[in-house]
Amino acid sequence: MVRSPAAVVTRVLGEGFAGDGRLAAGHGTRMVAGRFAVPAGQGLCVCDVLADVHAPEVEADLAAGDYVVHVVGGSVPAVAVAVHENATIDELVWEDALTSEKVPVGVSVDAGVIGFGTVAAVRALQADTDLVEAVIDSSTTDDFGTLVTTTPHGHVVSLTAGYGDGVYPLFVGRDSTGTATAVAVDFGTARTIGNILYR
């Protein structure tokens, strides 16, 4: 059984996440950072949009549809979760996100801005200087520096992950049919995979 962030996600978001969004006590601010769509057959990219131009595609086969990105934390995020609009987070089973080579993948942070979106949308953002400047400007604001960027290939939801380099674990949430309907970045867990420190 792979390590699951279910306890982290449930503890931070609380049992009311899918319904009224109540926070478990003492875990700071919860906010909706934005939405992005995953068309059928398109791959997901969760990466530092300002630095990680070769981020691997997550092998998750995410269900097509709209995803809502929720962020919880204090001065920096504790967890960020992108959930299909029809999913119930309390019913998901979590597993390590994998690359197409079936290797566990984390979210590498260099410039400190994590983006959620399809591979095509993230690459379109990275190729547009004006869009990159807008993301940089948003990263200096409050509320986790969140921004929804519109590209010709869809939205990218980005948030400030805090300063300093690091690699954070990325997880996929599956429903009772085995369909991937969520992804979560756990900013509060330290572990090592191979020679990479996940922190």
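Owing to the predicted nature of the structure, the values given are computational and were not obtained by experimental measurement.

Caption draft 1: Main features of the pattern of salt bridges. Applying the stated criterion across every chain, the model contains two salt bridges. Ionic pairing is found between Glu85 and Arg35, a salt bridge with its closest N-O pair at 2.8 Å. Here the residue Glu85 occupies a position in the loop between strand E4 (77-84) and strand E5 (93-96), and Arg35 occupies one in strand E1 (residues 29-38), the gap between them amounting to 50 residues. Arg174 serves as the salt-bridge partner of Glu95, at 2.8 Å between the closest nitrogen and oxygen. Note that Glu95 is positioned in strand E5 and Arg174 in strand E10 (residues 166-174), a separation of 79 residues in sequence.

Caption draft 2: Expanded view of the packing of aromatic side chains. Counted according to the given criterion, the structure contains two aromatic pairs. Ring centres 5.7 Å apart and planes at 20 degrees place the aromatic pair Phe36 and Tyr67 in the stacked group. Taken as a pair, Phe36 in strand E1 and Tyr67 in strand E3 (residues 65-73) lie far apart in primary sequence, 31 residues in all. Like Tyr67, Phe36 is buried.

Caption draft 3: Examining the side chain of Thr149 more closely. Within the secondary structure layout, Thr149 lies in strand E8 (residues 147-151). Ignoring anything within four residues of it in the chain, the contact list for Thr149 reads Leu125, Leu131, Val135, Gly154, His155 and Val156.

Caption draft 4: Representation of the pairing of E3 in the model. With respect to burial, E3 is a largely interior element, seven of its nine residues being buried. Where E1 and E3 come together, nine bridges link them in antiparallel fashion. Residue Phe36 lies in a different strand from E3, and its bridge partner there is Tyr67. The antiparallel pairing of E3 with E4 creates a hairpin that spans three residues between the two strands.

Caption draft 5: Summary view of the confidence of the model for the protein. With 74% of its residues at a pLDDT of 70 or more, the protein has an overall mean of 79. Here residues 16-26 is a poorly scored stretch, pLDDT under 50, and it has 22 contacts once near neighbours within four places are set aside; other chains count. Within the model, the stretch residues 192-199 combines pLDDT values under 50 with 26 contacts to residues more than four positions away or in other chains.

Analysis parameters
Residues numbered from 1 in each chain as written. Predicted model: local features only at pLDDT ≥ 70, side-chain atom pairs only at ≥ 80, totals over all residues. Heavy atoms only, no water. Salt bridge = Lys/Arg side-chain N within 4 Å of Asp/Glu carboxyl O. Helix = DSSP H or I, 4+ residues; strand = E, 2+ residues; numbered from the N terminus. Phe/Tyr/Trp six-rings, centres within 6.5 Å; stacked < 30°, edge-to-face > 60°. Buried < 20%, exposed > 50% of the residue type's maximum accessible area, 1.4 Å probe, protein only. Contact = heavy atoms within 4.5 Å. Pairing = 2+ DSSP bridges. pLDDT = per-residue confidence, 0-100.

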